[in-house]
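# Chain and residue survey
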Amino acid sequence: MPESLPTRLIHHSYVAPSGFDAVAPGVHKASTVFFGNVHELRHREWRDKSGYTYGLHGTPTTFTLEERIATLEGGQHCVLVPSGLAAVALVDQAFLRQGDELLVPDNAYGPNKALAEGELKGWGITTRYYDPMDPADLARLITPATRLVWLEAPGSITLEFPDLRALVAVITQANAERAGQGGANTARPLLSVLDNTWGAGIAFNAFELGVDMSMQALTKYPSGGADVLMGSVVTRDATLHHSLLMTHMRLGLGVGGNDAELVLRGLPSVALRYHAQDASTRALAEWMQQRPEVACVLHPALPSSPGHAHWLRDASAAACLFSAVFKPEYPQALVDAFCDRLQRFRLGWSWAGPISLCAPYDVPAIRQRHWPHAGGLVRFAIGLEAVADLQADLTQALQVFARPSA
Ligand SMILES: *Cc1c(COP(=O)(O)O)cnc(C)c1O
């Protein structure tokens, strides 16, 4: 007797021929995969990408994306997580234990600090914030309990470009001293991890600058579509990768096939988009700097921007972000009104998508250390629109500052 229709639809005899060869890689999705027998079920290996065991542990689609992101960043190994922030959290959870100390740059991505002050503090991990423009400050804050140093180039919102080589040298020196002293600490060296979302693997090679791990919000450039959230952690070190992979597995941080597909689709154009948005951003940053309403523009390619010399030495391109600090005589309400009046620029947090975005920030409220400017700051993220149209939009919105009162 033939099996019933539902069974036949599920266990169908047709198998499409293998060898479908096309531009886009296939999209594979699974909770479990099948095992041919119990021995395979017990012993199949997935950590080295030689096999498949469960959707969380990798599919052909996620393995493919991991390999491409590792290549993008000049690394060897990659793990994918459901957001850039999850990538920050993965690194922290893989390497920090109760009693450890964490060092974070004062101008770090805000949620990185929030995680440190929230969960990490609750788990007995102490965080200190160093001045990223002063390697001696980093050196001063390192203690025998320091386990991990976050780096970011340039800083979120304020875009100071640190001397990454000097910061890495401080960490290398601390490790050399630990090795010299011997003891328990030698087994747990101080690790460095760069939030490389801005550089995206295009502006500079993080590993050539000496960092141990590079984390990226694939949400930004690699996707480019503003329609998917994903993060990655890349390393050249097999032992660090293994630690990340095990924590990733235990926390269940796998990504879905459809999301991986979106990033795979964005990747071929990532360098073209990066450079096109770089050119538009520099043009608008330079133009904005000439405006009488503006006290200063922060963008690493501008000679007046903090860390310009480090950017010039270590990077070959710049991302789509600049911040404008308005003159202190303009109250925040007027700066807000300027943002509200923009039409092509939309209000929003993210960046590296097709639509230009902006957001006002209260910098003193998000920093531990001194901030030298009194005026309101607006961060702009330049999309793929024509520069002339964006400039026209800025021009019309800047008229709010000419009005007698807000
Ligand atoms: C956006 C961003 C993140 C977080 O990425 P999500 O995918 O939004 O969680 C981390 N670091 C930097 C510098 C970012 O800009």
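Below: a short report on this structure. (Residues numbered from 1 in each chain as written. Predicted model: local features only at pLDDT ≥ 70, side-chain atom pairs only at ≥ 80, totals over all residues. Heavy atoms only, no water.)

### Focus on the site of the ligand
Selection rule: Nearness is judged by heavy atoms alone; a residue qualifies as near a molecule or strand once a single heavy atom is within 4 Å of it. Pairs of N or O atoms within 3.5 Å make up the polar contacts considered here, provided that, within protein, one atom can donate a hydrogen while the other can accept it, and that residues adjacent in sequence are counted only when both atoms are side-chain atoms. Shrake-Rupley sampling with a 1.4 Å probe provides the accessible areas, and residues are treated as covered by the protein chains on show and by no other component. Numbering of helices and strands runs from the N terminus, with a helix taken as a DSSP run of H or I at least four residues long and a strand as a DSSP run of E at least two residues long. Gly falls in the polar group here, along with every residue not listed as nonpolar (Ala, Val, Leu, Ile, Met, Phe, Trp, Tyr, Cys, Pro) or charged (Asp, Glu, Lys, Arg).
Inspection of the region around the ligand gives 14 residues, with Gly84, Leu85, Asp195, Thr219 and Lys220 positioned closest. A distance of 2.6 Å separates an oxygen atom of the ligand from a polar atom in the side chain of Thr219. Within the contact set of the ligand, an oxygen atom lies 3.1 Å away from a side-chain nitrogen or oxygen of Trp351. Relative to its unbound accessible area of 380 Å², the ligand is 89% covered by the protein chains. Those elements giving two or more residues to the shell around the ligand turn out to be helix H4 (84–95) and strand E6 (213–217). Each residue belonging to the shell around the ligand can be placed in one class, and the counts come to 6 nonpolar, 5 polar and 3 charged.

### A look at the pattern of salt bridges
When the charged atoms of two side chains with opposite charge come close together, those side chains can pair. What counts, and what does not: Just to be clear on terms, a salt bridge is a Lys or Arg side-chain nitrogen sitting within 4 Å of an Asp or Glu carboxyl oxygen. Accessible area is worked out with a 1.4 Å probe on protein chains only. A residue is then buried under 20% of its type maximum, exposed over 50%, and partly exposed in between.
All told, the structure shown has 16 salt bridges when counted by the stated rule. Between Glu40 and Arg44 there is a salt bridge, with its nearest N and O atoms 2.5 Å apart. According to the relative accessible area criterion, Arg44 is partly exposed, its value standing at 26%. In this structure, Glu117 and Lys121 form a salt bridge, with 2.8 Å as the shortest nitrogen-oxygen distance.

### A few points about the environment of Gly55
Threshold: Whether two residues touch is decided by their heavy atoms; if any such pair falls within 4.5 Å, the residues are in contact.
Tracing the sequence through the fold places Gly55 in the loop between helix H2 (38–43) and helix H3 (60–72). Apart from the residues lying within four places of it in its own chain, the contact partners of Gly55 are Ala30 and Ser31.

### Description of the pairing of strand E7 (residues 231–235)
Heads up, the rule is: Strands are labelled as partners when DSSP assigns at least two bridges between them.
Among the 5 residues of E7, 5 are classified as buried, and the element is accordingly described as predominantly covered. Taken together, the 5 bridges between strand E1 (residues 77–81) and E7 define a ladder with antiparallel strand orientation. Looking at E7, one finds that Cys78 is bridged to Val234. Of the strand pairs in this sheet, E6 and E7 are connected by 5 bridges, and their pairing is antiparallel. Bridge pairing in E7 places Ser214 opposite Val234.

### What to know about the packing of aromatic side chains
Formally: A pair of aromatic rings is counted whenever rings of Phe, Tyr or Trp (Trp by its six-membered ring) have centres within 6.5 Å, and the orientation is called stacked for planes under 30 degrees apart, edge-to-face for over 60 and tilted otherwise. In this scheme, Lys NZ or Arg CZ marks a charge over a ring once it lies within 6 Å of the ring centre and within 35 degrees of the ring normal.
Counting across every chain of the model gives 13 aromatic pairs. Ring centres of Tyr221 and Tyr274 lie 4.5 Å apart, and the angle between their planes is 45°; this geometry places the pair in the tilted category. Of this pair, Tyr221 sits in the loop between E6 and E7 while Tyr274 is found in helix H10 (residues 270–289), placing the two residues 53 residues apart along the sequence. The class of Tyr221 is buried, set by a relative accessible area of 0%. Between Phe338 and Phe380, the aromatic rings sit 6.2 Å apart at their centres with planes inclined by 75°, giving edge-to-face as the arrangement. Separated by 42 residues along the polypeptide, Phe338 in helix H12 (residues 332–341) and Phe380 in strand E12 (residues 377–381) bring together distant segments of the chain. For the pair formed by Phe338 and Phe380, the shared burial category is buried. Positioned above the aromatic ring of Tyr129 is the side chain of Lys113, whose terminal nitrogen or guanidinium carbon lies 5.2 Å from the ring centre.

### Let's talk about the sheet that holds E1
Working definition: the strands of a sheet are paired by backbone hydrogen bonds and lie parallel or antiparallel to each other. Put simply, the rule reads: Note on definitions: angles span 0 to 180 degrees between N-to-C directions of axes, and those axes are lines fitted to C-alpha atoms, for helices only across the stretch in contact.
Pairing in this open sheet of 7 strands is mixed, and the strands run E1-E7-E6-E5-E4-E2-E3 from one edge to the other. Sheet topology places E1 and strand E3 (126–130) at the edges, where each strand pairs with a single neighbour. Going across the sheet, the axis of each strand differs from the next one's by a mean of 20°, ignoring polarity. Where strand E4 (residues 146–152) and strand E5 (residues 191–195) come together, 5 bridges link them in parallel fashion. When the bridges of E5 are listed, Leu151 appears paired with Leu194. Against the sheet, H3 touches E1, E6 and E7, its axis set at about 120° to E1. Sitting on the sheet, H4 touches E1, strand E2 (101–105), E4, E5, E6 and E7, and the angle it makes with E6 is about 150°.

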